[in-house]
Amino acid sequence: MQERSAGRSKGSYKLKNETVMFFKKGKQKIGGIVKWFPREVVFSRHPATIKDLAEEIAHMSTASPGDVYLVLACLPRVMAQFMSESRPVHIEGLGSFYFKLSCAGRGVDSPEEVDRKQIKSIRVQFLPERQGKGKFMRRPMTEGVSLISWEGEVDDGKAAETTLLDE
């Protein structure tokens, strides 16, 4: 395992063209006993917007940022249309999206008792892309992600010392 230090730069979390994920130490009570676990760090103050995505994709292609923006802006409506036809939407390299029901209560005793009143909400379920089979299964989106231990405060905006863990 190789360790390197890295600091937080202005909204950029790439180190030498690597994809990184930050984690922090978090505690949780399990059976009355406090245990510590790694927890993801999300810098939610400035999430990537559709405009940010459009600009990045435009830099990687021959499309203009406006064209990419238009396509991305239409995507949720088109996806909902297909999912409303009970068809999952699969985006190569990303994964599949489909509607999923969230139900209230503990179920009923017979099929005749099943009623739409049991449905609490409709959610969109995302299943990341998987390739291969059995022990050769892999998830392309998360391959090559380097883990970095975040030692600073998430909201303070200051650079923090981190430890890069490469396996």
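Residues numbered from 1 in each chain as written. Predicted model: local features only at pLDDT ≥ 70, side-chain atom pairs only at ≥ 80, totals over all residues. Heavy atoms only, no water.

With 6 residues, the main nonpolar core is built from Val 20, Phe 22, Val 41, Phe 43, Ile 148 and Trp 150. For this core, the secondary structure elements donating two or more residues are strand E3 (18-30) and strand E8 (145-150). (Core = buried A, V, L, I, M, F, W, Y, C linked by side-chain atoms within 4.5 Å. Buried < 20%, exposed > 50% of the residue type's maximum accessible area, 1.4 Å probe, protein only. Helix = DSSP H or I, 4+ residues; strand = E, 2+ residues; numbered from the N terminus.)

Here helix H2 (residues 65-83) spans 27 Å end to end across 19 residues, near enough to the 27 Å set by a 1.5 Å rise per residue. The sharpest bend along H2 comes to roughly 35°, located at Leu 75, with the proline Pro 76 sitting one to four residues further on. Residues of H2 that are buried include every one of Val 68, Leu 72, Met 79 and Met 83, and no others. On the buried face of H2, the contacting elements are helix H1 (50-59), strand E5 (89-91), strand E6 (95-103) and strand E7 (119-128). (Expected span 1.5 Å × (residues − 1). Bend = angle between axes of the 7 residues up to and from the residue. Contact = heavy atoms within 4.5 Å.)

A few words on the packing of aromatic side chains. Taken as a whole and judged by the stated rule, the model has 2 aromatic pairs. Measuring from ring centre to ring centre gives 5.1 Å for Phe 22 and Trp 150, while their planes differ by 80°; the resulting arrangement is edge-to-face. Residue Phe 22 is located in strand E3, and its partner Trp 150 is located in strand E8; the two are separated by 128 residues in the primary sequence. This pair shows no difference in class: Phe 22 is buried, exactly as Trp 150 is. Summarising the aromatic geometry, the rings of Phe 97 and Phe 126 are spaced 4.9 Å apart at their centres and angled 40° between planes, so their arrangement reads as tilted. Here the residue Phe 97 occupies a position in strand E6, and Phe 126 occupies one in strand E7, the gap between them amounting to 29 residues. (Phe/Tyr/Trp six-rings, centres within 6.5 Å; stacked < 30°, edge-to-face > 60°.)

Let us now look at the sheet that holds E6. Reading across from one edge, E5-E6-E7 is the order of the 3 strands in this open sheet, with antiparallel pairing throughout. The strands lining the two open edges of the sheet, one partner per strand, are E5 and E7. For this sheet, the mean angle separating the axes of adjacent strands, direction not counted, is 30°. In this sheet, E6 lies alongside E5 in antiparallel orientation, the contact comprising 3 bridges. When the sheet's bridge partners are listed, Val 89 is paired in E6 with Phe 97. (Pairing = 2+ DSSP bridges. Axes fitted to C-alpha atoms, helices over the stretch in contact; angles between N-to-C directions.)

Applying the stated criterion across every chain yields a total of 1 salt bridge. Note that Arg 87 is salt-bridged to Glu 85, the shortest N-O span being 3.9 Å. Judged by its relative accessible area of 45%, Arg 87 is partly exposed. (Salt bridge = Lys/Arg side-chain N within 4 Å of Asp/Glu carboxyl O.)

Mean pLDDT for the protein chain: 80, with 78% of residues reaching 70 or above. Ignoring residues within four places in sequence, the model shows residues 1-12, a span with pLDDT below 50, making 29 contacts including any to other chains. The low-confidence segment residues 156-167, where pLDDT is below 50, has 43 contacts with residues more than four positions distant or belonging to other chains. (pLDDT = per-residue confidence, 0-100.)

Let us look at the pairing of E6. The hairpin turn running from E5 into E6, its antiparallel successor, is 3 residues long, and Gly 93 in that turn takes a positive phi close to 85°. Bridge count for E6 against E7 is 9 bridges, and the pairing is antiparallel. The residue of E7 that forms the bridge with Cys 103 is Ile 119.

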